[in-house]
Amino acid sequence: VPRRGRSELLVGAHHGLGFLNPASGAFELFADPEGGRPEMRFNDGKCDPRGRFFGGTMGVEKPRAPGSLYRLDPDRTLTRMLTGLGTSNGLAWSRDQRTMFFIDTPTYEVSAFDYDPESGSMTNRRAVVKFPSDTKARPDGMVIEEISAEGVVIFIKSALKIKATGTGGGQA
């Protein structure tokens, strides 16, 4: 993730979060939220519309150790938002910034949270799309395409288009 006004990139690396200067190759690790656990790594991350970075960790070997979802605020405060995750693999926000969508791949679900754009807090987790667990299709990565009164269109790995209603949920 590029840093506004700087020549550095925010990088979720194997052993934590750091800043990479692509021109020099210099890397500065500034947070290791998993406490030096070599079996963990960052997987997917994205900034919310206000610039907070959300990134999830996962175990590197099967059986995978449970991971967490973290929020990094602009002042570098790091907050654990969710625990017990399999593979954090997709984040997106509604246009009004009041709903956050999240994928934990092994659950075969796209979850939605009520989201407070002022504080970055997430509440009221609910499944909005459920994938059949007997299929090879697994949710992995996500982009919100359009939002209307009828629901939201979600693209997952740019190959699957799902329409999920705001209240009832959807099927893949």
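Below is a summary of the structure that appears in this document. Please read these numbers as outputs of a predicted model, since none were measured by experiment. (Residues numbered from 1 in each chain as written. Predicted model: local features only at pLDDT ≥ 70, side-chain atom pairs only at ≥ 80, totals over all residues. Heavy atoms only, no water.)

Considerations on empty space enclosed by the protein
For the structure on display, the rule yields 1 cavity of 30 Å³ or more. There is about 60 Å³ of room inside the largest cavity. If you go around the largest cavity, the residues you meet are H14, H15, G16, D32, P33, E34, G36, R37, M40, R41, F42 and T57. The dominant element in the lining of the largest cavity, judged by the number of residues it contributes, is strand β4 (residues 40-47), at 3 residues. (1 Å grid on protein atoms, 1.4 Å probe; cavity = no way out; pocket = protein on both sides within 12 Å on 5 of 7 lines; lining within 4 Å. Points joined across faces, edges and corners; volume = space filled by probe spheres on them. Helix = DSSP H or I, 4+ residues; strand = E, 2+ residues; numbered from the N terminus.)

Some remarks on the sheet that holds strand β5 (residues 53-59)
Strands sit in the order β4-β5-β6-β7 across an open sheet of 4 strands; the sheet is antiparallel. In the strand order of this sheet, the two ends are held by β4 and β7 (78-85), each with one partner. Strand-to-strand, the axes of this sheet are offset by a mean angle of 20 degrees, without reference to chain direction. Where β4 lies against β5, 6 bridges are found, and the strand directions are antiparallel. Directly across from F42, in β5, lies its bridge partner T57. (Pairing = 2+ DSSP bridges. Axes fitted to C-alpha atoms, helices over the stretch in contact; angles between N-to-C directions.)

Considering the packing of aromatic side chains
Taken as a whole and assessed by the stated rule, the structure comprises 5 aromatic pairs. Summarising the aromatic geometry, the rings of F42 and Y70 are spaced 6.2 Å apart at their centres and angled 50 degrees between planes, so their arrangement reads as tilted. Of this pair, F42 sits in strand β4 while Y70 sits in strand β6 (residues 67-72), and the two are 28 residues apart along the sequence. The pair formed by F42 and Y70 is uniform in burial state, with each residue classed as buried. Geometrically, the ring pair formed by F54 and Y115 is edge-to-face, given 6.1 Å between the ring centres and 65 degrees between the ring planes. Separated by 61 residues along the polypeptide, F54 in strand β5 and Y115 in strand β10 (residues 109-116) bring together distant segments of the chain. Neither residue differs from the other here; F54 and Y115 are each classed as buried. Here the aromatic cluster, defined as three or more aromatic residues joined through ring pairs, consists of F54, W93 and Y115. (Phe/Tyr/Trp six-rings, centres within 6.5 Å; stacked < 30°, edge-to-face > 60°. Buried < 20%, exposed > 50% of the residue type's maximum accessible area, 1.4 Å probe, protein only.)

Focus: the environment of G120
For G120, the position within the fold is in the loop between β10 and β11 (121-130). Linking G120 and F53, residues 67 residues apart in sequence, is a C-alpha distance of 9.9 Å. The contact partners of G120, leaving out residues within four places of it in the chain, are R52, F54, R71, M81 and Y115. (Contact = heavy atoms within 4.5 Å.)

Side note on unusual backbone geometry
The linkage connecting K62 with the following residue, P63, adopts the cis geometry, with an omega of -5 degrees. Among the structural elements, P63 can be located in the loop between β5 and β6. Backbone geometry places Q97, a non-glycine residue, at a positive phi of 65 degrees. Along the chain, Q97 falls in the loop between β8 (88-93) and β9 (99-104). The buried category is assigned to Q97, whose relative accessible area is 19%. Phi is positive for Y108, which is not a glycine, with a value near 55 degrees. On the secondary structure map, Y108 appears in the loop between β9 and β10.

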